[in-house]
Amino acid sequence: MSDYVEIPWQKLSEEAFAGMLEELVSRDGTDYGEQELSQEEKIAQLRASLTSGKAFIAFCSETESWSVLPRRP
């Protein structure tokens, strides 16, 4: 990903945060491993990664898109 800005999930309203998570897990081609998970399980997994600091929301101004990326140690 080119230049991006980290969007702190804590700055989002609960409604906006939930909407972002739902939109992300509904994207085609999102892979959650060998076991198929329900949308609710995927959202819970993603939320846990963000709230624990293992991942972050990245906004790319060049493409005007966002994604969740793993935080590197």
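Residues numbered from 1 in each chain as written. Predicted model: local features only at pLDDT ≥ 70, side-chain atom pairs only at ≥ 80, totals over all residues. Heavy atoms only, no water.

Chemist: How should the overall build of the protein chain be read in this particular structure?
Modeler: From N to C terminus, the protein chain includes 2 helices and 3 strands. N-terminal to C-terminal, the α/β element order of the protein chain is β-α-α-β-β. Here the protein chain, with 73 residues, has 25% of them falling under the buried criterion. Looking at the protein chain alone, contacts between residues at least 24 apart form 48% of all its contacts between residues at least 6 apart. (Helix = DSSP H or I, 4+ residues; strand = E, 2+ residues; numbered from the N terminus. Buried < 20%, exposed > 50% of the residue type's maximum accessible area, 1.4 Å probe, protein only. Contact = heavy atoms within 4.5 Å.)

Chemist: When you look at the pairing of strand β2 (residues 55–60) in this model, what are you seeing that I'm missing?
Modeler: Side-chain positions along a regular strand alternate between the two faces of the sheet. The buried fraction of β2 is high, at 5 of 6 residues. As judged from the 3 bridges shared by strand β1 (residues 5–7) and β2, these two strands associate in the antiparallel manner. Bridge assignment links Ile-7 to a residue of β2, and that residue is Ile-57. Bridge count for β2 against strand β3 (residues 65–70) is 6 bridges, and the pairing is antiparallel. Bridge assignment links Phe-56 to a residue of β3, and that residue is Leu-69. Hairpin connection, β2 to β3: the antiparallel pair is bridged by 4 residues, and Glu-64 has positive phi, about 55 degrees. (Pairing = 2+ DSSP bridges.)

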